[in-house]
Amino acid sequence: MFNCKQLSALSSDYLDGKLTSRQKLSVRFHTLMCKYCRRFLAQLSMVAAFLPENHSSDGSAEEIESQLKRLLSKPDHS
Amino acid sequence: MESDARLIAELLKQDQNAFREVIGRYQAAMLSLARNIAGSAIADEIVQESWLAIIKALPRFERRSSLKTWILRIVANEAKTRLRRENRYQSMDSGDEDFMAARFGANGHWLTPPVEWDPETLLDSEDLKLCLDKLMSSLPGLQSAALKLKQQHGLASTDICNILDVSESNLRVLLHRARIRLFQVVEHFQQTGECCE
Ligand SMILES: [Zn+2]
C-alpha cells in the first residue's frame, strides 16, 4: 500500500502506464479511499491541456519558400 | 514510412518540391523543439544549422527511425551542442529536489492537499497561458522539450528517447518534473489569479 506521498512520486508514471500491474492496483485502491489523491491525479493528467498551442508558422507557403531559398543559397560545406 | 522513402530519394536528387514538402511538414516542429531546448532567441539559428546538418547526413540516413524522428534528433543535437558551447547545458537538472515533499506530513499524508480547480475558467484564461509559456521556457534541461514531444506531438516514448538521447528512466523523470511544475503553476493561478513569483 502506498501513502499519499509515495503515490505522488509515481503519479506521472501511472498516467503514462509505466507501472507494474501490482503498483497500478495499489494506486487504484488508494484513490478509492483518498479523495485528495484522486483529485491530484485528475489534475496532473489535465495540466498539459492548459499549455498554449504553438500555432507558430505551420508552414505557410511564403515561409516555406523563404526557408527553401535560405537552404539553396547556403554554400555546401562538405 | 513509405512516403519517407520516396521523399528521401527525391531529396537526394536535390528535388526542390521534395524540399518544399519536408520543410512544410517538419519546420514548425523543428522550431518548437529548438525553442524548448535552447530558448527562442537562438531557435531560428539552430534550425538553420540543423538543415545544413540534415542535408549533409541524408545520404547516410539508415531508416532505423522515421524521417521525422531522425530530423528532430538532429535538431536536438544542434541545440545541445550550442548550449554546451555557451556552457548552459544540463541534460538532467542536478537538484534532485522534490517539489511536492513539503506538502506531506511525516506519515506521508497530505498536509496541504490540492485545491479544487475550475477547469473551464482555467482553459479560457489567456493569463494562465502566459504563465505557462513563461514556465515552459524556464524549465531546466530537457523537461519542456520532453513534455512538448509527448503531449503536443504525441510521440511514443521510444521516439522521444531517441530524439533527446536520454534513457527511458531519464525521460520518466523529465516528464514527472515538468508536470509537477505545471501543476504548481496552475494551482497557484487557481488560487491567486497570478503566475508564481
Ligand atoms: Zn492519498
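For the structure, see preceding data.
No experiment lies behind these values; they were computed from the predicted model shown.

A. Spatial organisation of the overall build of chain B. From N to C terminus, chain B includes nine helices and zero strands. For chain B, the N- to C-terminal ordering of α and β elements is α-α-α-α-α-α-α-α-α. Dimensions of chain B, computed from C-alpha atoms along their principal axes, come out at roughly 65 × 35 × 35 Å. Among the 197 residues that make up chain B, the fraction classed as buried is 48%. Counting only contacts in chain B whose residues sit at least 6 apart along the sequence, the fraction spanning at least 24 positions is 67%. Just so you have it, chain B exposes about 9,600 Å², and 47% of that area is on carbon and sulfur atoms. In chain B, 25 positive and 28 negative side-chain charges are present, and the distance between their average locations comes to 8 Å.

B. Summary view of unusual backbone geometry. Residues and elements named next belong to chain B. A positive phi angle, close to 60 degrees, is found at R63, a residue other than glycine. For R63, the position within the fold is in the loop between α3 (40-57) and α4 (67-85). Overall, the relative accessible area of 44% leaves R63 in the partly exposed class. Positive phi values are uncommon outside glycine, yet D165 reaches one of about 60 degrees. With respect to the element layout, D165 can be found in the loop between α8 (157-164) and α9 (168-192). D165 sits in the exposed class, given a relative accessible area of 52%.

C. Structural view of α9(B). For α9(B), which comprises 25 residues, the first-to-last C-alpha distance of 36 Å matches the rise-based estimate of 36 Å (1.5 Å per residue) to within 8%. At the exit of α9(B) stands G193(B), carrying a positive phi of roughly 75 degrees.

D. Structural detail: the coordination of the zinc ion. All names here are of chain A. The protein atoms that coordinate the zinc ion are C4 (SG), H30 (NE2), C34 (SG) and C37 (SG), at distances spanning 2.0 to 2.3 Å. Coordination at the zinc ion is tetrahedral, judged from the four donor atoms that bind it and the angles of 101 to 113 degrees they form at the metal. In primary-sequence terms, the residues that donate to the zinc ion follow C-x25-H-x3-C-x2-C. By relative accessible area, which is 5% here, H30 ends up buried. By relative accessible area, C34 is classed as buried at 14%.

E. Seen up close, empty space enclosed by the protein. Under the definition given, this model contains one cavity of 30 Å³ or more. D16(A), K18(A), K150(B), S157(B), L171(B), R172(B) and L175(B) together form the lining of the largest cavity. When residues in the lining of the largest cavity are grouped by element, the largest group, three residues, is from α9(B). Looking at side-chain class alone, the lining of the largest cavity contains two nonpolar, one polar and four charged residues.

F. Representation of the environment of Q151(B) within the structure. Among the structural elements, Q151(B) can be located in helix α7 (residues 143-151). Look at Q151(B) and you get partly exposed, because its relative accessible area is 33%. Those residues in contact with Q151(B) that sit more than four places away from it in its chain are A48(A) and R179(B).

G. Structural detail: the side chain of D13(A). Topologically, D13(A) is positioned in helix α1 (residues 4-15). Looking at D13(A), its side chain comes within polar contact range of the side chain of R172(B), at 3.0 Å. Setting aside residues up to four positions removed in sequence, D13(A) forms contacts with K18(A), L19(A) and R172(B).

Rules behind the numbers
Residues numbered from 1 in each chain as written. Chains lettered and ligands numbered in written order. Predicted model: local features only at pLDDT ≥ 70, side-chain atom pairs only at ≥ 80, totals over all residues. Heavy atoms only, no water. Helix = DSSP H or I, 4+ residues; strand = E, 2+ residues; numbered from the N terminus. Buried < 20%, exposed > 50% of the residue type's maximum accessible area, 1.4 Å probe, protein only. Contact = heavy atoms within 4.5 Å. Areas by Shrake-Rupley, 256 points an atom, 1.4 Å probe, with all protein chains shown as cover. Lys, Arg positive; Asp, Glu negative; His and termini not counted. Charge placed at Lys NZ, Arg CZ, Asp CG, Glu CD. Expected span 1.5 Å × (residues − 1). Donors = N, O, S within 2.8 Å, 3.2 Å for Na, K, Ca; no water. Tetrahedral: all angles 85-135°; square planar, octahedral: opposite > 155°, others 65-115°. 1 Å grid on protein atoms, 1.4 Å probe; cavity = no way out; pocket = protein on both sides within 12 Å on 5 of 7 lines; lining within 4 Å. Points joined across faces, edges and corners; volume = space filled by probe spheres on them. Nonpolar A, V, L, I, M, F, W, Y, C, P; charged D, E, K, R; others polar. Polar contact = N/O pair within 3.5 Å; in protein donor to acceptor, adjacent residues only side chain to side chain.

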